[in-house]
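For reference, the chains in residue letters:
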Amino acid sequence: MDAVHSGLIADMGPERWQTLCTIAAFMNANGECYPTQYMIADRLKVKRETANRRIKSLCEYRWNGKPLVVKEQVRKTETQQWDNVRYTILPVSHLAIFGHVT
């Protein structure tokens, strides 16, 4: 509700909002999400390249000067190879899971 009443959804637009909600569907209690671009694209019913563009736009977006999502490429500790990207949904997003806002 806060995202609606604060004007966040109107400001960020439908593509960023859909992308945020799709990524957040994979969120754990700490706000961390590990979906692949293919998983995001599948849920949004778009091509992977389109999902990548939308993710980039979302990660660059700022609400009151703050990001809603932080994207971090993670390395596997034992091999130092790149692992899945970690997206962290921040509290400013107003998204709640497990009974509290992340």
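Scroll up to find the structure this text is about.
In this text the structure is predicted, and so the values were computed from the model without any measurement.

Caption draft 1: Quick look at the packing of helix α2 (residues 8-24) against helix α3 (residues 37-44). Following both chains from N to C, one finds α2 and α3 inclined at 120°, their axes separated by 10 Å at the closest point. For the element pair α2 / α3, the angle class is oblique. Remark: the crossing between α2 and α3 carries right-handed chirality. Facing α2, whose interface residues are Gln18, Thr19, Thr22 and Ile23, α3 presents Ile40, Arg43 and Leu44.

Caption draft 2: Structural context of α3. Within the span of α3, buried status applies to Ile40, Ala41 and Leu44. End-on view of α3: buried residues confined to an arc of 100°, all on one side of the axis. Trailing α3 by a residue or two, Lys45 shows a phi angle of about 60°, which is positive.

Caption draft 3: Layout of the pattern of salt bridges. Tallying each qualifying case throughout the model produces 5 salt bridges. The partner of Glu49 in a salt bridge is Arg48, with the nearest N and O atoms 3.7 Å apart. For Glu60, the salt bridge is made with Lys56, and the minimal N-O distance between the two is 2.6 Å. Of this pair, Glu60 and Lys56 both sit in helix α4 (residues 48-60), separated by 4 residues, roughly a single helical turn.

The rules behind these values
- Residues numbered from 1 in each chain as written.
- Predicted model: local features only at pLDDT ≥ 70, side-chain atom pairs only at ≥ 80, totals over all residues.
- Heavy atoms only, no water.
- Axes fitted to C-alpha atoms, helices over the stretch in contact; angles between N-to-C directions.
- Helix = DSSP H or I, 4+ residues; strand = E, 2+ residues; numbered from the N terminus.
- Parallel < 35°, antiparallel > 145°, perpendicular 65-115°, else oblique.
- Left-handed = near helix turned anticlockwise from the far one by under 90°.
- Contact = heavy atoms within 4.5 Å.
- Buried < 20%, exposed > 50% of the residue type's maximum accessible area, 1.4 Å probe, protein only.
- Arc of directions from axis to C-beta.
- Salt bridge = Lys/Arg side-chain N within 4 Å of Asp/Glu carboxyl O.

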